[in-house]
Amino acid sequence: MRAMSDPSLMRPKRPRCPTLCLTLLVAGCAPGSPGGDALAEGDDATLFEGARLIIGDDTPAIENAALLVRGRTILGVGRAGELVAPAGARRVDLTGKTLMPAIVDPHSHVGYYDEILDTEIQDDFREERILDHLDRFAYTGHALTYSLGSDLPTFIDARYSDDPTSFVDLRERSKGDDFTGARYLTVGRGLAWPGTGNPRSTSFYPTVSPWLAEAAVRELAAQRVELVKLWIEDRWGFIDPRSEEPAYMPAPIYGAAIREAHRLGLRTIAHVKTVHDWKGVLEAGVDAITHTVEDAPVDEELLGLIRARPGFVNISVLTSQMDGGSATRAPGERPEWLSDPLLGALKCPAFLDEWGLAFERMAPAPGDGGLWAQNTRRVREAGATVLVGSHDAGGRRALGWGSHMEMEAFVNWLGFTPHEAIRAATSATAEFVGVADELGTLEVGKSADFIVLDANPLDDIRNTRRISEVWLRGRRVDREAMSARWAAACRAAGRLWARRRSPRLPPVSEPTPARSARGAATAPLTSGPVAPGPRGACPRTKIRSARRSCSRQLHPGRSRISGRPGEPDSADATCSGGGCAERDPEARALSVFGASSPCRRPPTGAWGCRTAAPLRSESRRRGRRPNTRVRLPGRSSSTSSPPGCALPRGAHAALRRPG
């Protein structure tokens with residue numbers, strides 16, 4: 001696949017067949033007509049009649065429509081009474097309902113968040129959690145979700161599998177007829193400057209030189225990814241205490257990654273949030289950007305770069321759920337969608353109660369969406385294709401929920417019509433991720449992936465959340481079983497939620513230093529009580545509190561990027577295994593790409609490496625974690641900080657090496 005930056009390199013669109021043509025096509029295949037023998041046995045054919053049908057492209061909706069499906073394939077689209085169903089076909093009356101294509105989500109982060117316990121888990125990237133997350137996307141009407149850069153390669157590359165002989169690529173497995181969840185695509189491991197990758201994942205490729213970036217891209221190409229993810233951000237003020245340079249990926253490195261990706265026929269997508277960096281990646285030839293410009297109004301120079309790039313894609317992220325989405329609400333008021341039945345099936349009641357209390361203390365989002373929405377509107381006016389992406393990861397970005405919030409924001413803040421917002425979440429996204437031949441529209445020959453809605457979203461875009469049924473691969477999703485499973489898990493977790501609500505000790509202004517396994521002083525992870533554990537260990541249940549602690553120290557008040565109050569996920573505070581701290585930094589970097597190292601297995605962990613078994617077990621036994629230092633406001637650069645606020649010990653020497 002070649003870059004999308006050149007319109008001549010875009011995939012050619014399939015010839016469209018008008019509704020009348022589709023009707024005649026199906027009628028011509030009826031029993032007794034040429035080709036009818038193939039449909040004479042219609043036991044597995046289903047005719048859905050009477051609903052309003054939104055095709056998903058620019059064409060108007062079809063009133064009183066008919067959709068003929070056999071197996072997982074759409075055989076006909078037309079008006080009720082005009083399609084001739086094969087003998088034995090089952091008929092489903094959907095009068096008063098609306099059909100729309102299932103959502104194709106180009107931006108999520110799956111696998112590391114426990115949605116029941118509301119806990120981020122970096123070092124336990126397991127299959128059952130990913131499958132549960134894909135079920136949540138299916139439940140909410142998604143045909144596919146694209147995980148952008150926080151995934152380990154365990155499920156897409158047999159070399160990383162515990163049992164390569166029985167390995168099945170999850171991307172291929174998720175296409176199967178018996179798969180219950182949404183289809184799974186991933187960019188694998190994203191590229192980032194050490195300390196600035198996704199703070200919830202330890203999987204990114206640490207790129208400190210152009211050749212490392214090129215090597216990472218080649219490794220991704222071997223894993224058959226089609227997009228290369230680049231994180232270009234200082235993560236709300238990350239500071240390398242031994243360098244005066246900004247601690248994020250510079251232009252020579254991301255430029256090398258983009259050039260190498262294009263040479264190999266891959267496209268690139270960058271996580272970028274500032275005017276300066278948007279200009280830099282556009283000049284370097286990036287194909288798409290996630291997020292919008294958050295630090296300042298876009299200027300004419302940036303808009304000119306966009307105008308010169310037909311086909312450029314922006315997957316904007318407008319609705320941080322902490323702000324209450326784009327629906328208006330009064331100060332101190334909870335948003336109305338917090339009681340939405342769709343969200344209620346995804347999240348535990350105790351979580352929603354806590355979230356509601358947070359909204360009561362939170363100012364509403366600006367009525368026009370503020371700077372983020374203003375910039376996205378101008379980017380769209382300059383010619384960029386703006387797509388809906390959920391950015392769902394878990395917690396307050398509930399898996400499966402964000403796409404519906406984004407579609408609403410596209411209407412409320414960006415001036416999209418409901419029809420345009422649906423297209424931006426279906427056919428346009430399918431075209432971008434390369435699945436338009438199968439998903440995105442309800443057309444003959446495509447997969448029968450659609451949502452049955454109780455109300456018309458063209459009247460009110462919020463009606464995309466009023467889901468009656470979801471059909472994926474021609475099969476009805478058992479949403480009742482899914483919601484029952486999650487409700488039972490929430491009930492079982494009731495005691496843990498009650499314990500979380502117990503009173504905690506007040507914050508301590510100057511925490512008493514603890515001693516780590518290496519003897520260096522480190523501040524406790526949290527200001528509240530922590531259960532006893534191994535000396536120097538990082539309590540797994542306190543990861544979120546650790547990020548809050550880091551966030552307060554790194555940017556008291558407001559963040560450097562967005563000007564918003566610091567959010568729990570805005571600082572790089574991981575609690576990863578410390579085995580990598582025992583090795584030379586250069587050896588760590590080399591091990592990322594399979595070069596000679598003491599690793600027995602492919603890389604995972606804070607630096608993308610896994611130590612040999614004896615060292616790994618010794619590190620775990622002693623509770624060893626990397627020691628870190630960070631420059632805190634008003635203190636010397638040698639002040640200790642909670643683990644994860646900066647780079648592991650010894651990393652800075654590698655960063656200072658030339659090249």
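Residues numbered from 1 in each chain as written. Predicted model: local features only at pLDDT ≥ 70, side-chain atom pairs only at ≥ 80, totals over all residues. Heavy atoms only, no water.

Please clarify how the overall build of the protein should be interpreted in this entry.
Helix and strand counts for the protein come out as 19 helices and 22 strands. Counting over 659 residues, the protein shows a buried share of 59%. Taking all contacts inside the protein whose residues are at least 6 apart in sequence as the whole, residues at least 24 apart take part in 69%. By element, 52% of the accessible surface of the protein is carried by carbon and sulfur atoms, the whole surface being about 25,600 Å². (Helix = DSSP H or I, 4+ residues; strand = E, 2+ residues; numbered from the N terminus. Buried < 20%, exposed > 50% of the residue type's maximum accessible area, 1.4 Å probe, protein only. Contact = heavy atoms within 4.5 Å. Areas by Shrake-Rupley, 256 points an atom, 1.4 Å probe, with all protein chains shown as cover.)

Could you clarify how one ought to interpret the sheet that holds strand E12 (residues 205–206) in this entry?
The pairing of strands in a sheet comes from backbone hydrogen bonds and takes either a parallel or an antiparallel form. One open sheet holds the seven strands; their spatial order is E12-E11-E13-E14-E15-E16-E17, and the pairing between them is parallel. In this open sheet, the two edge strands, each paired with only one partner strand, are E12 and strand E17 (385–388). Alignment of strand E16 (residues 313–316) against E17, held across four bridges, turns out to be parallel. Considered in E17, the bridge of Ser316 is made with Val388. (Pairing = 2+ DSSP bridges.)

Whenever I open this one, the pattern of salt bridges confuses me. Can you help?
Applying the stated criterion to the full structure yields 37 salt bridges. Two residues, Glu408 and Arg465, come together in a salt bridge whose shortest N-O distance is 3.0 Å. Note that Glu408 is positioned in helix H11 (residues 402–412) and Arg465 in the loop between strand E18 (450–453) and strand E19 (467–472), a separation of 57 residues in sequence. The exposure class of Glu408 is buried, given its relative accessible area of 4%. One salt-bridge network, in which partners are shared between bridges, spans Glu336, Asp340, Glu408, Asp460, Arg462 and Arg465. (Salt bridge = Lys/Arg side-chain N within 4 Å of Asp/Glu carboxyl O.)

So what exactly am I meant to see when it comes to the state of the cysteines here?
Working definition of a disulfide: a covalent bond connecting the sulfur atoms of two cysteines. Inspection of the entire model under this criterion finds one disulfide. Put simply, Cys348 and Cys490 are joined by a disulfide, and their sulfur atoms are 2.0 Å apart. Where Cys348 bonds to Cys490 through sulfur, the torsion about that S-S bond is close to -85 degrees, and the disulfide is left-handed. Of this pair, Cys348 sits in the loop between helix H8 (341–346) and helix H9 (349–360) while Cys490 is found in helix H14 (residues 479–492), placing the two residues 142 residues apart along the sequence. Using a relative accessible area of 2% as the deciding quantity, one classes Cys348 as buried. (Disulfide = S-S within 2.5 Å.)

Sorry, what's going on with the pairing of strand E1 (residues 45–53) here?
Within a regular strand, the side chains alternate between the two sheet faces. By the criterion of burial, E1 is predominantly enclosed, with eight of the nine residues buried. For E1 and strand E4 (residues 90–93), the ladder comprises four bridges, and the chain directions are parallel. Bridge pairing links Thr46 to Arg90 in E4.

Help me out: how do you make sense of helix H5 (residues 251–263) in this one?
Two residues of an α-helix separated by three or four positions point the same way, owing to the 3.6 residues in each turn. In this model, H5 (13 residues) spans 18 Å end to end at C-alpha, consistent with the 18 Å of a helix rising 1.5 Å per residue. Of the surrounding secondary structure, the elements contacted by the buried residues of H5 are strand E11 (191–192), helix H4 (210–222), strand E13 (227–231), strand E14 (267–271) and helix H6 (275–284). (Expected span 1.5 Å × (residues − 1).)

What is the right way to look at the packing of H4 against H5 in this model?
The description of two helices packed together rests on the angle between their axes and the distance between the axes. Running from N to C, H4 and H5 point in directions that differ by 30 degrees, and their axes come no closer than 8 Å. Classed by the angle they form, the pair H4 and H5 counts as roughly parallel. The handedness of the crossing between H4 and H5 is right-handed. Contacts between H4 and H5 pair Pro210, Ala213, Glu214, Val217 and Arg218 from the former with Pro252, Ile253, Ala256, Ala257, Glu260, Ala261 and Arg263 from the latter. For the contact of H4 with H5, the class distribution of residues is eight nonpolar, no polar and four charged. (Axes fitted to C-alpha atoms, helices over the stretch in contact; angles between N-to-C directions. Parallel < 35°, antiparallel > 145°, perpendicular 65-115°, else oblique. Left-handed = near helix turned anticlockwise from the far one by under 90°. Nonpolar A, V, L, I, M, F, W, Y, C, P; charged D, E, K, R; others polar.)

It is not clear to me how the environment of Arg224 should be interpreted in this structure. Could you clarify?
Along the chain, Arg224 falls in the loop between H4 and E13. Expressed as a C-alpha distance, the spacing of Arg224 and Leu266, which sit 42 residues apart in the sequence, is 9.4 Å. In this structure Arg224 touches Asp169, Arg171 and Glu172, once residues within four positions along its chain are discounted. Among the polar contacts made by the side chain of Arg224, one reaches the side chain of Asp169 at a distance of 2.8 Å. (Polar contact = N/O pair within 3.5 Å; in protein donor to acceptor, adjacent residues only side chain to side chain.)

What is the right way to read the nonpolar core from this model?
Across soluble globular proteins, you tend to see nonpolar side chains buried next to one another. In terms of nonpolar packing, the biggest core is built from 68 residues, with Phe410 and Phe432 touching the most fellow members. Per element, the largest residue contribution to this core is five residues, and it comes from H9. One finds Leu191, Leu230, Ile253 and Ala261 within the second-largest nonpolar core, a separate group that totals 51 residues. (Core = buried A, V, L, I, M, F, W, Y, C linked by side-chain atoms within 4.5 Å.)

When you look at H14 in this model, what are you seeing that I'm missing?
The end-to-end C-alpha separation of H14 is 20 Å, in line with the 20 Å expected for 14 residues at 1.5 Å each. Along H14, the residues classified as buried are Arg479, Met482, Trp486 and Cys490. Seen along its axis, H14 keeps its buried residues to an arc of 70 degrees; they face one direction. Among the exposed residues of H14, those oriented more than 90 degrees off its buried face are Arg491 and Ala492. (Arc of directions from axis to C-beta.)

Where do I start with the packing of helix H2 (residues 127–139) against H14 in this structure?
Put simply, H2 and H14 touch, their axes get as near as 10 Å, and they point 130 degrees apart. One finds that H2 runs oblique with respect to H14. In the crossing of H2 with H14, the sense of the turn from one axis to the other is left-handed. Contact with H2, carried on its side by Asp132, Asp135, Arg136 and Tyr139, involves Arg479, Met482, Ser483, Arg485 and Trp486 of H14 and no other residues of that element. Taken together, the residues that form the contact of H2 with H14 break down as three nonpolar, one polar and five charged.

When you look at the sheet that holds strand E9 (residues 142–147) in this model, what are you seeing that I'm missing?
Taken together, three strands build an open sheet; the order of strands is E6-E9-E10 and the sheet is parallel. The sheet terminates laterally at strand E6 (103–108) and strand E10 (183–186), the two strands that pair on one side only. Taking the axes of each pair of neighbouring strands and ignoring which way they run, one obtains an average angle of 20 degrees across the sheet. As defined by bridge partners, E6 adjoins E9 across four bridges and the pair is classed as parallel. Directly across from Ser108, in E9, lies its bridge partner Ser147. Those strands touched by H11 are E6 and E9, and its axis lies near 100 degrees from that of E6.

I keep staring at unusual backbone geometry and nothing clicks. Help me out?
Note on backbone geometry: most residues besides glycine have negative phi, and most peptide bonds are trans. With phi around 60 degrees, Arg224 is a residue other than glycine that occupies positive phi space. For His291, which is not a glycine, the phi torsion comes out positive at approximately 75 degrees. Classification of His291 as buried rests on a relative accessible area of 3%.

Any chance you could explain the confidence of the model for the protein here in plain terms?
Low pLDDT means the predicted atomic positions in that stretch should not be read closely. Residue-level pLDDT values for the protein average 74, and 65% of them are 70 or greater. Ignoring residues within four places in sequence, the model shows residues 1–42, a span with pLDDT below 50, making 77 contacts including any to other chains. Segment residues 503–659 is flagged for pLDDT under 50; beyond a separation of four residues in sequence, or across chains, it makes 299 contacts in the model. (pLDDT = per-residue confidence, 0-100.)

Explain the packing of aromatic side chains here, please?
Think of a pair of aromatic rings as described by two things: how far the centres are apart, and how the planes are tilted against each other in angle. Within the structure shown, the criterion is met by 11 aromatic pairs. Taken together, a centroid distance of 5.4 Å and an interplanar angle of 70 degrees make the contact between Tyr139 and Trp486 edge-to-face. Here Tyr139, found in helix H2, pairs with Trp486, found in helix H14; they are 347 residues apart in sequence, far enough to count as distant. By relative accessible area, which is 8% here, Tyr139 ends up buried. For Trp486, a relative accessible area of 3% corresponds to the buried category. Ring plane angle 70 degrees and centroid distance 5.4 Å describe the contact between Trp337 and Trp355, whose orientation is recorded as edge-to-face. Note that Trp337 is positioned in the loop between E16 and H8 and Trp355 in helix H9, a separation of 18 residues in sequence. Of the two residues examined, Trp337 and Trp355, each falls in the buried class. An aromatic cluster of at least three residues, connected via ring pairs, comprises Trp337, Phe351, Trp355, Phe359 and Trp401. If you follow Arg136 out to its NZ or CZ, it ends over the ring of Trp486, 4.5 Å from the centre. Across the ring face of Tyr139, the terminal group of Arg479 is positioned such that the distance to the ring centre comes to 3.9 Å. (Phe/Tyr/Trp six-rings, centres within 6.5 Å; stacked < 30°, edge-to-face > 60°. Lys NZ or Arg CZ within 6 Å of the ring centre and 35° of its normal.)

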